[in-house]
Amino acid sequence: MPKDPVILALLDELYAAGQANDANEDDRAKKMLNLEPATARFMSMLIQLGKRRSILEIGTSNGYSTIWLAAAAQAHGGTVVSVDRDPAKHLLADENLRRAGLRHMVTLNHGDATHIVAELPGPFDCVFFDADRRSAPAQLSALLPKLSPDALLLHDNALSHPDEIAAYLAMVERLPDFNHVIVPVGKGLSVAYRAG
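Residues numbered from 1 in each chain as written. Predicted model: local features only at pLDDT ≥ 70, side-chain atom pairs only at ≥ 80, totals over all residues. Heavy atoms only, no water.

A. Here's a closer look at unusual backbone geometry. The residue after glycine 122, namely proline 123, is reached through a cis peptide bond having omega -5 degrees. Within the element layout of this structure, proline 123 appears in the loop between helix H5 (113-119) and strand S4 (124-129). Although it is not a glycine, leucine 33 adopts a positive phi angle of roughly 50 degrees. Structurally, leucine 33 is set in the loop between helix H1 (5-23) and helix H2 (37-49). (Helix = DSSP H or I, 4+ residues; strand = E, 2+ residues; numbered from the N terminus.)

B. Representation of the packing of H1 against helix H3 (residues 64-74) in the model. With their axes 9 Å apart at the nearest point, H1 and H3 run at an angle of 155 degrees to one another. For the element pair H1 / H3, the angle class is roughly antiparallel. Seen along the crossing, H1 lies across H3 with a hand that is left-handed. Between H1 and H3, the residues in contact are Ile7, Leu10, Leu11, Leu14 and Tyr15 and Tyr64, Ile67 and Trp68, respectively. (Axes fitted to C-alpha atoms, helices over the stretch in contact; angles between N-to-C directions. Parallel < 35°, antiparallel > 145°, perpendicular 65-115°, else oblique. Left-handed = near helix turned anticlockwise from the far one by under 90°. Contact = heavy atoms within 4.5 Å.)

C. Structural view of the environment of leucine 154. Here leucine 154 shows up in strand S5 (residues 147-155). A residue is classified by how much of its surface remains accessible, and leucine 154, at 0% relative accessible area, is buried. Sequence-distant contacts of leucine 154, that is, excluding residues within four places in its chain, are made with Met43, Leu46, Cys126, Val127, Phe128, Phe129, Tyr168, Leu189, Ser190 and Val191. (Buried < 20%, exposed > 50% of the residue type's maximum accessible area, 1.4 Å probe, protein only.)

D. Representation of the packing of aromatic side chains within the structure. One pass over the structure, following the stated rule, counts three aromatic pairs. Measuring from ring centre to ring centre gives 5.7 Å for tyrosine 15 and tyrosine 64, while their planes differ by 40 degrees; the resulting arrangement is tilted. With tyrosine 15 in helix H1 and tyrosine 64 in helix H3, this residue pair connects regions lying 49 residues apart in the sequence. Taken as a pair, tyrosine 15 and tyrosine 64 share a single burial class, namely buried. Between the aromatic rings of tyrosine 64 and tryptophan 68, the centroid separation amounts to 6.5 Å while the plane-to-plane angle is 70 degrees, which identifies the pairing as edge-to-face. In this pair, tyrosine 64 and tryptophan 68 both sit in helix H3, four residues apart, roughly one turn of the helix. Assigned by exposure class, tyrosine 64 and tryptophan 68 land together as buried. Among the aromatic residues, those joined into a ring-pair cluster are Tyr15, Tyr64 and Trp68. (Phe/Tyr/Trp six-rings, centres within 6.5 Å; stacked < 30°, edge-to-face > 60°.)

E. The sheet that holds strand S3 (residues 106-110), seen in detail. Strand order in the open sheet made by the seven strands is S3-S2-S1-S4-S5-S7-S6, with mixed pairing throughout. Looking at the sheet topology across the chains shown, the edges are occupied by S3 and strand S6 (179-183). Strand-to-strand twist of the sheet, defined as the mean angle between neighbouring strand axes without regard to direction, takes the value 15 degrees. As defined by bridge partners, S4 adjoins S5 across five bridges and the pair is classed as parallel. Directly across from valine 127, in S5, lies its bridge partner leucine 153. In this fold helix H6 (residues 136-143) packs onto strand S1 (54-58), S4 and S5, with an angle of close to 175 degrees to the strand it touches most, S4. The strands touched by helix H7 (residues 166-174) within the sheet are S4, S5, S6 and strand S7 (189-194), with S6 carrying the most contacts at an inclination of about 145 degrees. (Pairing = 2+ DSSP bridges.)

Without other data, these values stay purely geometric and don't point to any function.
Dropping the structure here:
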């Protein structure tokens, strides 16, 4: 979990702004749909405990979760690659990461995540899926050869939108050597882990 009071204050600000935006916005594409703070804290702990150093995030939004990921990876010299299709959110995330002092740790990619992940070299020791839930299986298929032997897969909304991520959950359950559990934190976090 971030210790820097400036980063913690910024995270509180971004979460509150995201909640206010989403309450007044009918267009789903314009919602921030930020991670629940409890889920963000839990993921931060997993990344720090596992000493994750090469993290891929699919779904940047305003950078709220990206800041959590980057702050957690910072202790072990890690980096984050994050992908979002929305150009306005891409710019917002860039600004917020600069405010957090973490922009140097994050590579921001703008465009269709399924196409982008197919081109990324990897390897990744942690992947966080939090965007177009129905595209996650195709993205995971492209990423499987690019995962490190010791790999952590995370997907939000496992309890809030189980139908939308059912194909992903079924795919993860079939992966050899991965243990999978759904943690009832926030909107439900799917956690799959393969020991190297």
